[in-house]
Amino acid sequence: MNPLEQALKILDEGGVVGMPTETVYGLAARIDREAGLKAIFATKQRPFFDPLIVHVASIAQARTLTTGWSPLTEALAQAFWPGPLTMVLPKTPAVSSLITSGLTTVGLRCPSHPVARQLIEDAGQPLAAPSANLFGRTSPTTAEHVKREFDGKVFVLEGGPSSVGIESTIVSVSDQGDLRLLRPGSITREEITRVLQNQQTSFRWIEQIEKIEKIMAPGQMKHHYMPQRPLILTRGPMRDGDLLQRIRSRLEDLPEEVEGVRLLKPQKVERVSWIALPNDPVLAARQLYQALREAGESSADVLALVWPLERREGAWLAVWDRLRKAASLDLEH
Ligand code: AMP
Ligand code: MG
């Protein structure tokens, strides 16, 4: 059996497989195999209130899963699929509430990675897949990351390093043409706006307020993507000694957990490993998780990254969103 056949067999038998996609590696199960869906949550130690994204091979397949396909969703799919855009739409009964955490909506995405596409097509069924990491931890961008995350217990299809490197942009689309950005990604709000305006498709952005955000995107925990060691952000360069002292003075303020996710705290604060990322947001996204993993494997007590204020919006928004959630502490200068 070749690796693809092996993966298909595992999926058919109600198991999970590591699936390469252009965003990050996913932990996939067929949506018509309840055992597989349950195995996703068990393997990741993911709480059932965090819904899964369903991956499809085509627009036609997506349409079987939602009652909300409209000219607006069609325009978005035509522009950005296959690719790193997830649309949250009203679900049909074909989508189990295990996938949606009991919500009436489902997140749909058509990935562009050739291995993912082949897998979904040959399975003949959409595949539900969250990122293939333990709940709350750094997402994997290589097959090796997934194997190590689950101690070699998960079969992983090899697909090379993920080219985008961070999770998809998630947009909810209502029947009335309201768009909400639930998670920033490599496809920016500005890009979506430009495409829709060019096509003269009518829509409007609804601003998120924290409370609505929680109901609409239950999985968007404040702390997420955490590396092996506590990550500290600073707004400008600092000497090691100054940084360590600042961290020590803030340790007592750090909560044990935030929204059920245990916050990483340094055991001692003596050695720091500085992380550097490229000065380009696309390249920084591609390298982010690999850099966090590598630094996490060092013997330092804390990881630190200089992240200036101007990198907290615009084209940097998606990377900033992950860093903010991955960090245990953000020092204010
Ligand atoms: P992951 O693939 O691990 O990044 O997780 C998928 C994320 O997609 C979840 O944490 C949710 O934030 C989001 N998501 C999936 N389905 C829905 C939905 N129906 N409504 C809102 N957000 C969703
Ligand atoms: Mg995830």
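Note that the coordinates shown come from a computational prediction; the quantities given were computed from them, not determined experimentally.

1. Brief notes about the nonpolar core
Okay, so step 1: If you look at the biggest cluster of nonpolar residues, it comprises 45 residues, and the most contacted ones within it are Leu76, Trp81, Leu85, Met87, Leu179 and Ile192.
Okay, so step 2: At five residues, helix 4 (residues 71-80) tops the list of elements feeding residues into this core.
Okay, so step 3: Apart from residues no more than four positions distant in its own chain, Ile192 is found in contact with Leu76, Phe80, Leu85, Val171, Leu179, Ile187 and Trp205.
Okay, so step 4: Among the nonpolar cores identified, the runner-up in size contains 25 residues, and Val164, Ala284, Trp307 and Trp320 belong to it.

2. Structural notes on the sheet that holds strand 11 (residues 231-234)
Okay, so step 1: Within the open sheet, the four strands sit side by side as 14-15-11-16. Their pairing is parallel. With partners counted over all chains shown, the strands left at the sheet margins are strand 14 (272-274) and strand 16 (327-330), one partner each. Sheet twist, expressed as the average angle between the axes of neighbouring strands with direction ignored, equals 30 degrees.
Okay, so step 2: When strand 14 meets strand 15 (residues 302-306), the two strands line up parallel, connected through three bridges. Residue pairing in the sheet places Trp274 in a bridge with Ala304 of strand 15.
Okay, so step 3: Its contacts with the sheet place helix 10 (residues 240-250) against strand 11, strand 14, strand 15 and strand 16, and it is angled at close to 115 degrees to strand 14.

3. Brief notes about helix 6 (residues 114-123)
Okay, so step 1: Of all the residues in helix 6, the buried ones are Ala116, Leu119, Ile120 and Ala123. Buried residues along helix 6 cover an arc of 95 degrees about the axis, so they all sit on one side.
Okay, so step 2: Structurally, helix 6 contributes buried residues whose contacts are with helix 1 (3-12), strand 1 (17-19), strand 2 (26-30), strand 3 (53-55), helix 3 (59-63) and strand 6 (127-128).
Okay, so step 3: Phi turns positive, to about 70 degrees, at Gly124, one or two residues after helix 6.

4. A closer look at the packing of helix 11 (residues 281-296) against helix 12 (residues 317-326)
Okay, so step 1: Contact pair helix 11 / helix 12: the axes reach a minimum separation of 10 Å and the direction vectors enclose 25 degrees. Taken together, the axes of helix 11 and helix 12 lie roughly parallel to each other. Crossing geometry of helix 11 relative to helix 12 is assigned as left-handed. Across from Pro281, Ala284, Ala285, Leu288, Tyr289 and Leu292 in helix 11, the residues of helix 12 making contact are Val319, Arg322, Leu323 and Ala326.
Okay, so step 2: For the contact of helix 11 with helix 12, the per-class residue count stands at nine nonpolar, no polar and one charged.

Criteria and thresholds
Here the residue numbering is sequential within each chain, running from 1 through the sequence in written order. The lettering of chains begins at A and the numbering of ligands begins at 1, in the order of writing. Only residues with pLDDT of at least 70 get local features here, since the model is predicted, and only at 80 or more are side-chain atom pairs given and counted; chain-wide, interface and lining totals rely on the full set of residues. The basis for every side-chain value is the complete set of non-hydrogen atoms in the structure, without hydrogens or water. Only buried residues count toward a nonpolar core, which is a set of Ala, Val, Leu, Ile, Met, Phe, Trp, Tyr and Cys residues joined through side-chain atoms within 4.5 Å. In this scheme, a residue with accessible area under 20% of its type's maximum is buried, one over 50% is exposed, and one in between is partly exposed, where area comes from a 1.4 Å probe on protein chains only. Secondary structure elements follow DSSP: runs of H or I of four or more residues count as helices, runs of E of two or more count as strands, with numbering from the N terminus. Residues are treated as being in contact if the distance between any of their heavy atoms lies within 4.5 Å. The rule for pairing is simple: two strands pair if DSSP sees at least two bridges between them. To define axes, lines are fitted to C-alpha atoms, for helices over the stretch in contact only, and angles between the resulting N-to-C directions are given on a 0 to 180 degree scale. Starting at the helix axis, one direction is taken to each C-beta atom, and the arc is that of these directions. Angle categories: roughly parallel below 35 degrees, roughly antiparallel above 145, roughly perpendicular from 65 to 115, and oblique for all the rest. Definitions for this section: a left-handed crossing has its near helix turned counterclockwise from the far helix by less than a right angle. A right-handed crossing has that turn clockwise. We call Asp, Glu, Lys and Arg charged. Ala, Val, Leu, Ile, Met, Phe, Trp, Tyr, Cys and Pro are nonpolar, and the rest, Gly among them, are polar.

Function cannot be read off these values alone, since they describe shape.
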